[in-house]
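# A closer look at the structure
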Amino acid sequence: MQARDIQGPVHIHAVPPNTTRYGEPVPWQLPTDVRGFVNRTVEQEAMDRLLEEHPSSAQVLVLTGTAGVGKTSLALHWAHAVRERFPDGQLYANLRGYDPQEPVASPQVLERFLRALDVPAAAIPTDPEALASTYRSLVAGRRMLVVLDNASSAAQVRPLLPGVPGCLVVVTSRHRLSGLGVREGARHLTLEVLAEHDAVELLSAVTADYRVGDDPDELAQLARLCARLPLALRIAAERAAGRPRMLLNDLIQDLRDESSLWDALSSEDEEESEAVRSVFAWSYRALPADAARLFRLLGLHPTGEFSVAAAAALAASGARQASRLLDGLVASHMIEQTARDRYRFHDLLRAYAVDQVRREQEPEESERAIRRVLAWYLHTADAAQARIAPHEPRVALAALDPEVKPGVFGDAAAAWGWFDVERENLAAAMRTVAALGLDEYVWQLAIVLRAFYMSRNTFQDWFATSHLGLEAAQRGNDRHAQAELHESLGMAYTQSSRLDQAAEQYVAAFGIRCELDDRAGEALTLNGLGLLRLRRHQISDAQEAFERARALFQSLDDTYWEPRTAVNLAEAQVALGRLADAERLVRAGLESFREVADRRAEGNALRILSRIQLEGGRTDEALESAQRAVDLAMDLNSPVVEAYWLTQLGHAQRTAGRYADALASYQRAAVLQRSLGDRSREALAWDGAGLAYLALGRAQEASEFHRRAVAAHRDLGDRWQWVLALCHLAEALEAMGEAADVVRECRREALTLLGDFTDPSAQRLRDQLTSALGEGS
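Here goes a summary of the coordinates provided. (Residues numbered from 1 in each chain as written. Predicted model: local features only at pLDDT ≥ 70, side-chain atom pairs only at ≥ 80, totals over all residues. Heavy atoms only, no water.)

## Some words on the packing of helix 22 (residues 519-535) against helix 23 (residues 539-555)
Relative orientation of the contacting elements helix 22 and helix 23 amounts to 155°, with a least axis distance of 8 Å. What the angle tells us is that helix 22 and helix 23 run roughly antiparallel. In the crossing of helix 22 with helix 23, the sense of the turn from one axis to the other is left-handed. Of helix 23, the residues touching helix 22 (which contributes Arg 519, Ala 520, Glu 522, Ala 523, Leu 524, Leu 526, Asn 527, Gly 530, Leu 531, Arg 533 and Leu 534) are Ile 539, Asp 541, Ala 542, Ala 545, Phe 546, Arg 548, Ala 549, Leu 552, Phe 553 and Ser 555. Residue classes in the contact of helix 22 with helix 23 are distributed as 13 nonpolar, three polar and five charged. (Axes fitted to C-alpha atoms, helices over the stretch in contact; angles between N-to-C directions. Helix = DSSP H or I, 4+ residues; strand = E, 2+ residues; numbered from the N terminus. Parallel < 35°, antiparallel > 145°, perpendicular 65-115°, else oblique. Left-handed = near helix turned anticlockwise from the far one by under 90°. Contact = heavy atoms within 4.5 Å. Nonpolar A, V, L, I, M, F, W, Y, C, P; charged D, E, K, R; others polar.)

Next up, the structure:
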């Protein structure tokens, strides 16, 4: 098809580099509403007025009050009541400002928010300021409700504020967070303890279906013993509901006895907190011994949220027994069930559990319990890795107690589901083993988790975990582990476009592999180095790395990695102009991949084959190969490979004169790459679109896309692609009739950037630029 055959305008709607839109998902993150919520009518009316008076402005509301006063319950109940007024969704984060462990840092919360807003892991920045600005850009123009629970300081909250009209942020904290009022104009609503009649109403609401005839005066006494705090009232009410035949006066006397015990240790200004502790102790001492033991041990879990299986590991029990005990703790209101097999603590109850561990548990027993649950996470993560990345290197793990049963996964989807649910707990487990000095667990967990991080590009966790693991391996002088973790960091830096740091890590890994005579490890590191050098357009160096890696894999009779490395080598040979050699390698790889039905590897080989065919002037064959690759990507339901292979299809379509089809391919590739966060490959699609527009005689539009590509590659420091985009921009400007000195400046900049590139394609480009500038001999 020629340019004159296209009817009407052809448009590609690429998103400019400085905007960020990822499909406008609607997150619904609110935890479930509070069962049997009563009272707080005045406070809810005040919150309603805030919405009525300022419906479209940016608002921050801080709910403050003492521990256990019901801040979270009110925030969630009201949020559920008004959520329809925020059609763009709700975000929720428990900041754990008063947990025994460190509060959640704002970058961790921002990363979770961005994932909820459908930002792919690869597009999530690692810099805290960039995280905050990306978040603000995404919520701009939306009506969203954000609930930030258990904040410890204004500094923890401030980066999480959208700061744009239409959004409301509800913060709960034991402190007033006055700084938010000064700088952000936050409104404050202080929750007092319940009035006595409201406290009695809450007790009655919980016990109504189980007890009849309780004296209102005795209910008032019980309410006073609970300091009229909703958390304590609910626990006391559950205790009363569970003993319907016991006189309420007897229950009150039990609680008075417990209160006397704490009174001896209390000062006058601790009345409310000691009332809560008294209720906790009252309910705790009523638990059966095995339930009380599990309650204590749960305080040792790395976070306040946990599964049945993790609880079973802590207790060294079976899952069925753990589930039964957890149900009892839920019935006593000591923990809360959040899903079929998941539970969580209120922060006060978790602190109480930790305190009881210290008081009642032998240190040796506590240490064994911690080791059991950490080992459970390690071995279960290893089982998940075996499903999602079976060919990744495995490590011999620390021994597992016979009582601990790690998870089993039927397929990769189940393994990924487990990781997505447990990701925060895995990161917390990593911090726990590091804090406890369990170095063997630290580096083993870091290596196991690499397979997850490399597939999702969850860079913050990946970098933090790998650095902790490397330090632990260095302390233990475990050279094999050091090599694995240097390589993990090399991959992380490469995939986050920090190529200088990547090179340092790969070189360190390779040195250790050679020292250990680890030939399989040497080959893997050389393959990684080759891929890094391809990205930097260091073609001869890439070829050398791939050839060495391939020879090692051949000597080891490794039929999995050898053909993959050979196909990588073929891509280097294409850049060196050795098309026949490259095609032989690719076709051999295709045969191997088809034998084992590895469609992803087959599709990548077809992409490279299309490039070879296009370079050799075999346009129809190139079109067929690229189309087959894209069809495989669609079957795989993999936007990562679909986006990359679509760009090659666009090149083939453009060369064939099918400009409308090429523009459609480039457009979809650009949109997908934007959603995946790969700015480099997004810019490649823009550049291709510019070439298609130029072929259509639409130089102005071509120049706009080439400018975008130039800007992106300049920002990324990718000199080779920067050079190519500058050359294409110069051609578009020349076609527009732009001033000769402007065109000349583009070409001169490109010639300067070519620098020490010496491969044949670079030399051809250098000759072309020199000729165009009139600087040849």
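Having seen the model, we can carry on.
## Side note on unusual backbone geometry
If you check the backbone angles, Arg 228 has positive phi at about 55° while not being a glycine. Looking at the secondary structure, you find Arg 228 in the loop between helix 8 (216-225) and helix 9 (230-241). The backbone of Asp 517 shows a phi angle near 55°, a positive value even though the residue is not glycine.

## Side note on the layout of surface pockets
Over the atoms rolls a probe the size of a water molecule, and in doing so it shows where empty space is left. Of the voids in this model, the second largest pocket is the one considered here, and its volume is about 600 Å³. Taken together, 27 residues form the lining of the second largest pocket, with Pro 100, Gln 101, Pro 302, Arg 350 and Thr 432 sitting closest to its centre. For the lining of the second largest pocket, the secondary structure elements donating two or more residues are helix 15 (347-360), helix 16 (363-388) and helix 17 (412-435). If one sorts the elements of the lining of the second largest pocket by residue count, helix 17 sits on top with five residues. A class-by-class count of the residues in the lining of the second largest pocket yields 12 nonpolar, eight polar and seven charged. (1 Å grid on protein atoms, 1.4 Å probe; cavity = no way out; pocket = protein on both sides within 12 Å on 5 of 7 lines; lining within 4 Å. Points joined across faces, edges and corners; volume = space filled by probe spheres on them.)

## Examining the pairing of strand 3 (residues 145-149)
Counting buried positions along strand 3 yields five of five residues, so the element is predominantly enclosed. Side chains Leu 145, Val 147 and Asp 149 of strand 3 all project onto a buried face; the interleaved residues Val 146 and Leu 148 project onto the opposite face, where all are buried too. The pairing of strand 2 (residues 90-94) with strand 3 spans five bridges and is classified as parallel. Residue pairing for strand 3: Leu 91 is matched across the bridge by Val 146. Judged from the four bridges that link them, strand 3 and strand 4 (residues 168-173) form a sheet pairing that is parallel. By the bridge assignment for strand 4, Leu 145 is matched with Leu 168. (Buried < 20%, exposed > 50% of the residue type's maximum accessible area, 1.4 Å probe, protein only. Pairing = 2+ DSSP bridges.)

## Thoughts on the side chain of His 80
When you line up the elements, His 80 lands in helix 2 (residues 71-82). Those residues in contact with His 80 that sit more than four places away from it in its chain are Leu 30, Pro 31, Thr 32 and Asp 33.

## With respect to the packing of aromatic side chains
Under the definition given, this model contains 22 aromatic pairs. Centre to centre, the rings of Phe 459 and Trp 462 are 6.2 Å apart; their planes meet at 5°, and the pair counts as stacked. Here Trp 462 and Phe 459 lie together in helix 19 (residues 459-475), a separation of three residues that amounts to about one turn. Neither residue differs from the other here; Phe 459 and Trp 462 are each classed as buried. A centroid spacing of 5.3 Å and a plane angle of 85° characterise the contact between Tyr 560 and Trp 561, whose relative ring orientation is edge-to-face. Grouping aromatic residues by their ring pairs yields a cluster made of Phe 280, Tyr 284, Phe 295, Phe 306, Tyr 343, Phe 345 and Tyr 352. (Phe/Tyr/Trp six-rings, centres within 6.5 Å; stacked < 30°, edge-to-face > 60°.)

## Things to note about the nonpolar core
One finds Leu 63, Leu 222, Phe 295, Leu 298, Leu 326, Leu 329 and Trp 418 to be the most contacted residues of the largest nonpolar core, which totals 138 residues. In this view, Leu 63 contacts Met 47, Lys 71, Leu 74, Ala 75, Val 170, Val 171, Thr 172, Ser 173, Leu 189 and Leu 191; residues no more than four positions away in its chain are not counted. Of all hydrophobic cores here, the second largest spans 77 residues; its members include Phe 546, Leu 623, Val 630 and Trp 686. (Core = buried A, V, L, I, M, F, W, Y, C linked by side-chain atoms within 4.5 Å.)

## As for the sheet that holds strand 7 (residues 336-339)
Hydrogen bonds between backbone groups are what pair the strands of a sheet, and the pairing can be parallel or antiparallel. What the three strands build is an open sheet, ordered 6-8-7; its pairing is antiparallel. Where the open sheet ends on each side, the last strands, each with one partner, are strand 6 (305-307) and strand 7. Taking the axes of each pair of neighbouring strands and ignoring which way they run, one obtains an average angle of 35° across the sheet. Summarising the sheet, strand 6 and strand 8 (residues 342-344) pair through three bridges and their orientation is antiparallel. Across the sheet, Phe 306 pairs through a bridge with Tyr 343, a residue of strand 8.

## Focus on the pattern of salt bridges
Under the counting rule described, the total for this entry stands at 43 salt bridges. The partner of Arg 96 in a salt bridge is Glu 305, with the nearest N and O atoms 3.1 Å apart. Pair noted here: Arg 96 is in the loop between strand 2 and helix 3 (106-116) and Glu 305 is in strand 6, with a separation of 209 residues, a long-range link. A relative accessible area of 27% places Glu 305 in the partly exposed class. (Salt bridge = Lys/Arg side-chain N within 4 Å of Asp/Glu carboxyl O.)

## Observations concerning helix 3
What helix 3 keeps buried is the set Ser 106, Pro 107, Val 109, Leu 110, Glu 111, Phe 113 and Leu 114. Buried residues along helix 3 sit in contact with strand 2, helix 4 (128-139), strand 3, helix 5 (154-157), helix 17 and helix 19. A positive phi of about 75° marks Asp 118, the residue just after helix 3.

## Focus: the pairing of strand 1 (residues 59-64)
Counted residue by residue, strand 1 has six buried out of six residues, so it is predominantly covered. Along strand 1, one buried face is formed by Gln 59, Leu 61 and Leu 63 and the opposite face, lined by Val 60, Val 62 and Thr 64, is buried too. Bridge analysis of strand 1 against strand 5 (residues 187-190) gives four bridges, and the strand direction is parallel. The residue bridging Thr 64 from the neighbouring strand is Thr 190, located in strand 5.

## Let's talk about the sheet that holds strand 3
Judged by pairing direction, the sheet is parallel, and its five strands sit side by side in the order 2-3-4-1-5 without closing on themselves. The open sheet is flanked by strand 2 and strand 5, the only strands paired with a single partner. Put simply, the sheet's adjacent strands are angled 15° from each other on average, direction ignored. Where strand 1 and strand 4 come together, six bridges link them in parallel fashion. Across the sheet, Gln 59 pairs through a bridge with Leu 168, a residue of strand 4. Seen against the sheet, helix 1 (residues 41-53) touches strand 1, strand 4 and strand 5 and runs at an angle of roughly 170° to strand 5.

## With respect to helix 23
In an α-helix, one full turn covers 3.6 residues, which means residues spaced three or four apart are oriented alike. For helix 23, built from 17 residues, the straight-helix expectation of 24 Å at 1.5 Å per residue is met to within 8% by its first-to-last C-alpha distance of 24 Å. For helix 23, the complete set of buried residues consists of Ile 539, Ala 542, Gln 543, Ala 545, Phe 546, Ala 549, Leu 552 and Phe 553. After helix 23 finishes, the residue Asp 557 shows a positive phi value of roughly 55°. (Expected span 1.5 Å × (residues − 1).)

## Overview of the environment of Ala 695
Here Ala 695 is to be found in helix 30 (residues 679-695). Judged by its relative accessible area of 34%, Ala 695 falls in the partly exposed class. With 203 residues separating them in the primary sequence, Ala 695 and Ala 492 have C-alpha atoms 39 Å apart.

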